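An overview of the molecular structure
Here is what each chain is made of, one letter per residue.
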Amino acid sequence: MYQREFDQKLKQSFPKAVLLYGDNDYLIDYYIDLYKTKLDAKESMLTLYYDEWNFEQAKNYLSQTSLFGGINLVVVRHDKKIPKKELDTLIELANKNADNYFLFGYEGAAKDAKSMQSAFTEKKGGVWVRFFEPNINEGVATLQHKAQKIGLDIDHYALQHLMLLLNNNLALCSNELDKLAILGIKVTSKDIDKLVYSTAPLATEQLLIDLFNKKPITATITKLLDLGEDEASLLRSTQYFVNQIFLFHAYIKLNGHVDSAAILGYKLPKQIEEQKAQLALRVKSATLLKIFEHLLENEIAMKKAPSTQKEVLLYSILIKLQGYL
């Protein structure tokens, strides 16, 4: 089910077992916090995050009777799937006792969560909820509610600007509102420009990953330009990224494995290292050579182009580059 249906269900009663997943970490955290608060389970709950995950510990916790007649709430956050047999056991235990609840905030890809939905059916006493990345109006509405709650005076346009600056990331926006509230003043767009650090570099990295994965890129380019990134800097970032992919490609060909520390001189997080290795393995050496030549030719064209033509040129450079892949 989706958020609106879940909200309606919560007005009647809190489901005993819930799978929360999708492209909105803020809402996953929001509903976990809602359960903690409404059930008054902050002191007695069991949290198992990432490497802490232990099926036997979760099962034993839900199998016991609360010593003081309180709530037994198990909260799991993980980017890996839990086997269906283990989920079935935990959901069954959550439904055996009126004081038991089980929440699983899944942070892996939404497509991978579908195989776990069958464990969280209403027939089994469970519910699954998928969240989507908010559009600008939904995001601003959520942040307005948060601002009112913490007593922050900030208008609609400033909230829009904050969302744009932080690449629609509600969790980051919410954290920034907490910090801005300390000022005790009416916060404007100018205050946000002075005090909030842009996530444009992260958005640029995502643009280039999408480019190599042959996903749509025009909307992201537009967003980055709106954030104040200039065409020349985006072209340089593209050249730097392509050079990294080439280094990964060459190292893997020579050594048969990936080691970002040996390639770059510093160790990347495992997920990013694997992501770049996969991109590198997908591209042929001849294709990388064409891409390098394309970028070098257009670097000169970008420098010579009038400022009014640079934006159009950037779109054409990146779209043509994607055509080589």
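This text follows the structure it describes.
Bear in mind the structure is a predicted one, so any value in this text is a computation, not a measurement.

1. Regarding the packing of helix α15 (residues 285-304) against helix α16 (residues 307-324)
One way to put it is that α15 packs onto α16 with a least axis distance of 10 Å and a crossing angle of 170°. Accordingly, the angle class assigned to the pair α15 and α16 is roughly antiparallel. Along the contact surface, α15 presents T287, K290, I291, H294, L295, N298, A301, M302 and K303, while α16 presents K310, L313, L314, I317, K320, L321 and Y324. Broken down by class, the residue content of the contact of α15 with α16 amounts to 9 nonpolar, 3 polar and 4 charged.

2. Quick word on the environment of Y50
Checked against the element boundaries, Y50 lands in the loop between β2 (46-49) and α3 (55-63). The spacing of Y50 and E107 is 57 residues in sequence and 9.8 Å in space, taken between C-alpha atoms. Filtering out sequence-adjacent residues up to four positions away, Y50 remains in contact with R77, H78, D79 and E107.

3. Focus on the side chain of H78
Its location among the elements puts H78 in strand β3 (residues 72-78). Classification of H78 by relative accessible area gives buried; the value is 9%. A distance of 3.1 Å separates the side chain of H78 from the backbone nitrogen of K80, its partner in a polar contact. With near-sequence residues (within four places) excluded, H78 lies in contact with Y50, W53, F104, G105, Y106, E107 and G108.

4. As for the environment of T142
Along the chain, T142 falls in helix α6 (residues 136-150). With relative accessibility at 23%, the residue T142 sits in the partly exposed group. As for T142 and L170, which are separated by 28 residues in sequence, their C-alpha atoms are 8.4 Å apart.

5. Quick word on the packing of helix α1 (residues 3-12) against helix α2 (residues 25-38)
Each pair of packed helices gets described by two things: the angle between the helix axes and the distance between those axes. The contact between α1 and α2 brings their axes to 13 Å, and the two run at 5°. Accordingly, the angle class assigned to the pair α1 and α2 is roughly parallel. On α2, the residues touching Q3, F6, D7 and L10 of α1 are L27, Y31, L34 and Y35.

6. Description of the layout of surface pockets
Quantified by volume, the largest pocket comes out at close to 2200 Å³. In terms of lining, the largest pocket is formed by 45 residues, of which the most central are D23, E107, Q206, Q271 and Q275. Elements supplying a minimum of two residues to the lining of the largest pocket: α2, α8 (170-181), α10 (200-212), α11 (218-226) and α14 (270-282). No other element matches α14, which puts 7 residues into the lining of the largest pocket. Here the lining of the largest pocket is built from residues that sort into 17 nonpolar, 15 polar and 13 charged. In this structure, the second largest pocket spans a volume of roughly 660 Å³. Forming the walls of the second largest pocket are 22 residues, and the residues nearest its centre are Y26, Y30, Y31, H145 and K149. If one sorts the elements of the lining of the second largest pocket by residue count, α2 sits on top with 9 residues. Residue composition of the lining of the second largest pocket, by class: 9 nonpolar, 6 polar and 7 charged.

7. Section: the nonpolar core
Nonpolar side chains tend to gather and get buried jointly when the protein is soluble and globular. Within the largest apolar cluster, 42 residues are counted, with the highest numbers of intra-cluster contacts made by F6, L20, Y35, I154 and I192. At 7 residues, the largest contribution of residues to this core is made by α2. Leave out the neighbours within four places in its chain, and I154 touches A147, L159, L177, V187 and I192. Ranked by size, the runner-up nonpolar core spans 35 residues in total, among them L208, Y251, I252 and A280.

8. Considering the pattern of salt bridges
Under the criterion given, the structure shown has 12 salt bridges. In this structure, the salt-bridge partner of K146 is D178, at a minimum N-O distance of 3.2 Å. Residue K146 is located in helix α6, and its partner D178 is located in helix α8; the two are separated by 32 residues in the primary sequence. Relative accessible area serves as the criterion here: at 35%, D178 is assigned to the partly exposed category. A salt bridge links E299 to K303; its shortest N-O distance comes to 3.6 Å. On the criterion of helical spacing, the pair formed by E299 and K303 is a turn pair, its members being 4 residues apart in helix α15. On the accessibility criterion, E299 (24% relative accessible area) is partly exposed. Taken together, the shared-partner salt bridges connect D29, R77 and E107 into one network.

Parameters at a glance
- Residues numbered from 1 in each chain as written.
- Predicted model: local features only at pLDDT ≥ 70, side-chain atom pairs only at ≥ 80, totals over all residues.
- Heavy atoms only, no water.
- Axes fitted to C-alpha atoms, helices over the stretch in contact; angles between N-to-C directions.
- Helix = DSSP H or I, 4+ residues; strand = E, 2+ residues; numbered from the N terminus.
- Parallel < 35°, antiparallel > 145°, perpendicular 65-115°, else oblique.
- Contact = heavy atoms within 4.5 Å.
- Nonpolar A, V, L, I, M, F, W, Y, C, P; charged D, E, K, R; others polar.
- Buried < 20%, exposed > 50% of the residue type's maximum accessible area, 1.4 Å probe, protein only.
- Polar contact = N/O pair within 3.5 Å; in protein donor to acceptor, adjacent residues only side chain to side chain.
- 1 Å grid on protein atoms, 1.4 Å probe; cavity = no way out; pocket = protein on both sides within 12 Å on 5 of 7 lines; lining within 4 Å.
- Points joined across faces, edges and corners; volume = space filled by probe spheres on them.
- Core = buried A, V, L, I, M, F, W, Y, C linked by side-chain atoms within 4.5 Å.
- Salt bridge = Lys/Arg side-chain N within 4 Å of Asp/Glu carboxyl O.

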